[in-house]
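Fold and contact review
Below are the chains, spelled out letter by letter.
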Amino acid sequence: MRKNVIVGQSGGPTAAINSSLAGVYRTAIDRGAKKVFGMIYGVQGLLEERYIDLSDHIKTELDIELLKRTPAAFLGSCRFKLPEIFEDKSVYEKIFEVLDKLEIEAFIYIGGNDSMDTIKKLSDYAIVTGHPTRFIGCPKTIDNDLALTDHTPGFGSAAKYIGTSMKEIIRDSFCLEYSKGLVTIVEIMGRNAGWLTGAVALSKGEDCEGPDLIYLPEIPFDMKAFCARIKDLLEEKNSVVVAVSEGIKLDNGEYVCSLGSTTDFVDAFGHKQLSGTAAFLANYVAGEFGCKTRAIELSTLQRSASHAASRVDILEAYQVGGAAVKAADEGDTGKMVVLQRLSDDPYQCGTEVKDVHKIANDEKLVPRKWVNKEGTYVTNDFVSYVKPLIQGDVSPVMVDGIPRHLYQPEELRTRRKTKK
Ligand code: F6P
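Residues numbered from 1 in each chain as written. Predicted model: local features only at pLDDT ≥ 70, side-chain atom pairs only at ≥ 80, totals over all residues. Heavy atoms only, no water.

Looking at an unreviewed UniProt entry, the protein carries the name Pyrophosphate--fructose 6-phosphate 1-phosphotransferase, with the source organism given as Ohessyouella blattaphilus. What UniProt states about the protein under its Subcellular location (unreviewed entry) heading is, verbatim, "Cytoplasm". Quoted verbatim from the Subunit (unreviewed entry) heading of the UniProt record, the comment on the protein is "Homodimer." (UniProt positions renumbered as here; feature names shortened; annotations may be inferred.)

Written out as structure tokens, the structure is:
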């Protein structure tokens, strides 16, 4: 590389997103980049010229190791939708003015399907205007819903946390007896894709029977059938554990969480805030059966649990960061790095780059054949697909009994709001 690199993080964070940042930084330096800048709050911050020089924050090998183990987006993230070029050219002119000022050769964006929309638009603009900066997407999302990649960094660690927590919840739910039984409903993120919710099946093994029911968002949720299953299960056992995706919908397309909540928050990409599914169903079940219920929303715990990260995931996240820089250095633009599984046993995976136009704004869902006929559990094939991704651990750097993270940049610590 002869000039500089800029990297941003976008969308919902994961336990592995900073490992990709570390991979970008290290590879850019190794390939000769003079400076590696980090956008503060993604393109939204870049538009206000908010960026840092990463070498002010990553000074030693230990810093790299800490960064890999630090949850949440180190640089700050955003959910910012760029206008179409014909709608507002001035936004693009501003971004490219900043890129020129910083002498940026490669622009790397670590994000999910919405963030790949940014790479698509910026690379298109550069091609149309003959601008030399190259734009490469680096995959990231706990949702695992990116097209053309076997899986996404961030998913494996979240799946490991979810499988582990589910196992612990099931153990807890059996240790007290309630006269009319206990129904525990666990709500898991993933929006319209059930990859994460299905990961609860990882809890099943010799020492744990796993959850009783698993409801993915890909399959319409039938309240009547659900209640009938709960009734039967309560006749058989004292504790029933159900996993539901935050995004389960009724046959008419209405989110189950909307039945119980009045929150209408919608983000820049038109995604409704999904929360309250477990609470709604737990209340409903309590009303129907008079039993004790408990609603558990794993919420941000499942994407920030770096203390329980998967080693495979953290290493792959680092690898895709490096591959993104390499692709830009070799002349690619308008591409995203993808993971290609070469074999399951032993697990082997490599990287390639694919056209971002075929990835942006798309959603890869759980195939119907990986869910049972009744739509209440995932199959063994689903579990075999996920298992290699949760292997190995990354020991946290413990200080006073608590994991140590890389010190957050001042620009984020002050929690200043980005001006609108
Ligand atoms: O896109 C990743 C994700 O974690 C989804 O699973 C979830 O629906 C969403 O982000 C939550 O976003 P926010 O933190 O903006 O509410």
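This part takes up the site of the ligand. Every residue close to the ligand is listed here: Arg 79, Ile 142, Asp 143, Met 189, Gly 190, Arg 191, Glu 246 and Arg 303. The separation between an oxygen atom of the ligand and a polar side-chain atom of Arg 79 is 2.8 Å. Within the backbone of Gly 190, one N or O atom sits 3.1 Å away from an oxygen atom of the ligand. In the complex, the protein chains occlude 76% of the 400 Å² of accessible area that the ligand would expose alone. A molecule is said to occupy a pocket when more than half its atoms come within 2 Å of that pocket's grid points, and by this definition the ligand occupies the largest pocket. Tallied by class, the residues present in the shell around the ligand amount to 2 nonpolar, 1 polar and 5 charged. Both domains that meet at the shell around the ligand, namely domain 1 (4–154 + 306–361 + 393–413) and domain 2 (158–304), each give it at least three residues. (Near = heavy atom within 4 Å. Polar contact = N/O pair within 3.5 Å; in protein donor to acceptor, adjacent residues only side chain to side chain. Areas by Shrake-Rupley, 256 points an atom, 1.4 Å probe, with all protein chains shown as cover. 1 Å grid on protein atoms, 1.4 Å probe; cavity = no way out; pocket = protein on both sides within 12 Å on 5 of 7 lines; lining within 4 Å. Sits in = over half its atoms within 2 Å of the grid points. Nonpolar A, V, L, I, M, F, W, Y, C, P; charged D, E, K, R; others polar. Domains from an automatic or database assignment.)

Each assigned domain of the protein is listed with its residue range as follows: domain 1 (4–154 + 306–361 + 393–413) and domain 2 (158–304). Put simply, the middle of domain 1 and the middle of domain 2, counted by C-alpha atoms, are 32 Å apart. Counting residues at the interface gives 21 residues for domain 1 and 16 residues for domain 2. Together domain 1 and domain 2 conceal approximately 1,600 Å² of surface at their shared face, both sides included; 58% is due to carbon and sulfur atoms. Along the contact surface separating domain 1 from domain 2 lie 2 salt bridges. A salt bridge links Arg 79 to Asp 267, with the nearest nitrogen and oxygen atoms 3.9 Å apart. (Contact = heavy atoms within 4.5 Å. Buried area = accessible area lost by both parts, 1.4 Å probe. Salt bridge = Lys/Arg side-chain N within 4 Å of Asp/Glu carboxyl O.)

According to UniProt, the "binding site: diphosphate" (unreviewed entry) feature falls on Gly 12. The residues contacting Gly 12, other than those within four sequence positions of it, are Arg 79, Lys 140 and Arg 303.

Below, the discussion takes up the sheet that holds strand β9 (residues 292–297). Across a sheet, strands are paired by hydrogen bonds formed along the backbone, either parallel or antiparallel in direction. Read from one edge to the other, the open sheet built from 4 strands follows the order β7-β8-β6-β9, with strand pairing classed as parallel. On the outer flanks of this sheet lie β7 (213–215) and β9, each paired with one strand and no other. Across the sheet, the mean angle from the axis of one strand to that of its neighbour is 15°, orientation sign disregarded. Direction of pairing for β7 relative to strand β8 (residues 239–245): parallel, over a ladder of 3 bridges. In the strand pairing of β8, Ile 214 is matched with Ala 243. (Pairing = 2+ DSSP bridges. Helix = DSSP H or I, 4+ residues; strand = E, 2+ residues; numbered from the N terminus. Axes fitted to C-alpha atoms, helices over the stretch in contact; angles between N-to-C directions.)

In this structure, the largest pocket spans a volume of roughly 840 Å³. As for the largest pocket, its lining consists of 39 residues, of which Gly 12, Arg 79, Arg 191, Asp 267 and Arg 303 are closest to the centre. Of all the secondary-structure elements, those providing two or more residues to the lining of the largest pocket are α5 (113–129), β6 (182–188) and α11 (301–304). It is α5 that contributes the most residues to the lining of the largest pocket, 4 residues altogether. Each of domain 1 (4–154 + 306–361 + 393–413) and domain 2 (158–304) contributes no fewer than three residues to the lining of the largest pocket. (Points joined across faces, edges and corners; volume = space filled by probe spheres on them.)

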